[in-house]
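# Summary of structural features
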Amino acid sequence: MEEIRNELKDNFIWISADETTDSCGCYIANLIVGTLQLEPSSSYLVACKELEKTNHSTIAKFVNEGIKKIFPESAVEERVLIFLSDAAPYMIKAAKALQVFYPNLIHVTCFAHGVHRLAEEVRFTFGNVNKLISSTKKGFLKAPARIKAYKEKLPNLPLPPEPVITRWGTWIEAVLFYNEHFEAIKGVVNE
């Protein structure tokens, strides 16, 4: 921690927090910090904690405690400038709560999260396409005879992608695949 303190001292600071659920169903929060400089600098994982529940107050408390852990005696409130998070409503509310302690704090939501949310909106808007992808995925899932027929009919074409909603972009990749190979896949399915 002393090395991190020395790296961050006298610099403007950015922070990023995220929360995930581990394999046991526990809520795990992480806090990363770095300095705002013209040249890219190192970032540091300074706190990782299991939370009883995830809401704006537990996240705000976690972030504040993490910053105080790095700088227990010095005032850094004016130097913490950016809070990067996803666009979950509780993170937005946590950012507003943190602005009380860090008056110069600007909340920035992750661009990748925004693009993912846009892709999710596209998936919901095009329900028929989503149904096609889902039905075809189910049709080949654990069906060796169907997979064999597909490979015999389309030997140079890989099996259709199996999108996983929690893996960003996989649904869009599947849409592009079906767009390019729709007639061929349709022929196999109709047989």
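Computed from a predicted model, the values in this text were never measured in an experiment. (Residues numbered from 1 in each chain as written. Predicted model: local features only at pLDDT ≥ 70, side-chain atom pairs only at ≥ 80, totals over all residues. Heavy atoms only, no water.)

When the domains of the protein chain are assigned, the result is domain 1 (1–109) and domain 2 (114–190). Put simply, the middle of domain 1 and the middle of domain 2, counted by C-alpha atoms, are 39 Å apart. (Domains from an automatic or database assignment.)

Let's shift gears to the pairing of strand E1 (residues 13–21). Of the pairings in the sheet, the one linking E1 to strand E2 (residues 27–35) comprises nine bridges and is antiparallel in character. Within the sheet, the bridge partner assigned to Ser16 lies in E2 and is Ile32. Once E1 ends, the chain turns through five residues before running back antiparallel as E2, passing Gly25 with a positive phi of about 85 degrees. Note: E1 against strand E4 (residues 80–85), four bridges, orientation parallel. The partner of Ile15 across the bridge, within E4, is Phe83. (Pairing = 2+ DSSP bridges. Helix = DSSP H or I, 4+ residues; strand = E, 2+ residues; numbered from the N terminus.)

Here the focus is the environment of Glu39. Assignment of secondary structure puts Glu39 in the loop between E2 and strand E3 (43–51). With 51 residues separating them in the primary sequence, Glu39 and Tyr90 have C-alpha atoms 32 Å apart.

Right, let's get into helix H3 (residues 89–101). Buried residues of H3: Met91, Ala94, Ala95 and Leu98, and no others. The buried residues of H3 all sit within an arc of 105 degrees when viewed along its axis, so they share a single face. Of the residues in H3, the exposed ones pointing more than 90 degrees away from the buried face are Pro89, Lys96 and Val100. (Buried < 20%, exposed > 50% of the residue type's maximum accessible area, 1.4 Å probe, protein only. Arc of directions from axis to C-beta.)

Another aspect to go through is helix H2 (residues 56–70). Between its first and last C-alpha atoms H2 spans 22 Å; for 15 residues at 1.5 Å apiece the expected length is 21 Å, and the two agree. Those residues of H2 that sit buried are Ile59, Ala60, Phe62, Val63, Asn64, Gly66, Ile67 and Ile70. Its buried side turned inward, H2 meets helix H1 (2–8), E1, E2, E3, E4 and H3. (Expected span 1.5 Å × (residues − 1). Contact = heavy atoms within 4.5 Å.)

For any pair of aromatic rings, the description rests on two quantities: the centre-to-centre distance and the angle between the ring planes. In this structure the tally under the stated criterion is two aromatic pairs. Sitting over the ring of Phe71, Arg79 keeps its end group 5.3 Å from the ring centre. (Phe/Tyr/Trp six-rings, centres within 6.5 Å; stacked < 30°, edge-to-face > 60°. Lys NZ or Arg CZ within 6 Å of the ring centre and 35° of its normal.)

What follows is about the layout of surface pockets. For the largest pocket, the calculated volume is near 250 Å³. Along the walls of the largest pocket sit 16 residues, with Phe140, Ile185, Val188, Val189 and Asn190 positioned nearest its centre. The element contributing the most residues to the lining of the largest pocket is helix H7 (residues 170–190), with seven residues. For the lining of the largest pocket, a count of residues per class yields eight nonpolar, four polar and four charged. Quantified by volume, the second largest pocket comes out at close to 210 Å³. Lining the second largest pocket are Asp86, Ala87, Ala88, His113, His116, Arg117 and Trp168. Its residues placed into classes, the lining of the second largest pocket shows three nonpolar, two polar and two charged. Inspection of the lining of the second largest pocket shows a minimum of three residues originating in each of domain 1 (1–109) and domain 2 (114–190). (1 Å grid on protein atoms, 1.4 Å probe; cavity = no way out; pocket = protein on both sides within 12 Å on 5 of 7 lines; lining within 4 Å. Points joined across faces, edges and corners; volume = space filled by probe spheres on them. Nonpolar A, V, L, I, M, F, W, Y, C, P; charged D, E, K, R; others polar.)

Let us now look at the packing of H2 against H3. Their axes nearest at 8 Å, the elements H2 and H3 cross at an angle of 45 degrees. Judged by the inter-axis angle, H2 sits oblique to H3. As for how H2 packs across H3, the hand of that crossing is right-handed. On H3, the residues touching His56, Ile59, Ala60, Val63 and Asn64 of H2 are Tyr90, Met91, Lys93, Ala94, Ala97, Leu98 and Phe101. Here the residues of the contact of H2 with H3 are counted per class, giving nine nonpolar, two polar and one charged. (Axes fitted to C-alpha atoms, helices over the stretch in contact; angles between N-to-C directions. Parallel < 35°, antiparallel > 145°, perpendicular 65-115°, else oblique. Left-handed = near helix turned anticlockwise from the far one by under 90°.)

With numbering aligned to this structure, UniProt lists the feature "domain: DUF659" (unreviewed entry) at residues 1–135. Secondary structure content for residues 1–135 is 44% helix and 27% strand, and the end C-alpha separation is 52 Å. (UniProt positions renumbered as here; feature names shortened; annotations may be inferred.)

This part is about the nonpolar core. Core analysis: the biggest nonpolar cluster contains 29 residues, and Ile15, Leu31, Val33, Val63 and Phe83 have the highest contact counts within it. Within the residue set of this core, elements represented by two or more residues are H1, E1, E2, E3, H2, E4 and H3. Per element, the largest residue contribution to this core is six residues, and it comes from H2. Core analysis: the next-biggest nonpolar cluster, separate from the first, contains 11 residues, Phe140, Tyr150, Leu157 and Val188 among them. (Core = buried A, V, L, I, M, F, W, Y, C linked by side-chain atoms within 4.5 Å.)

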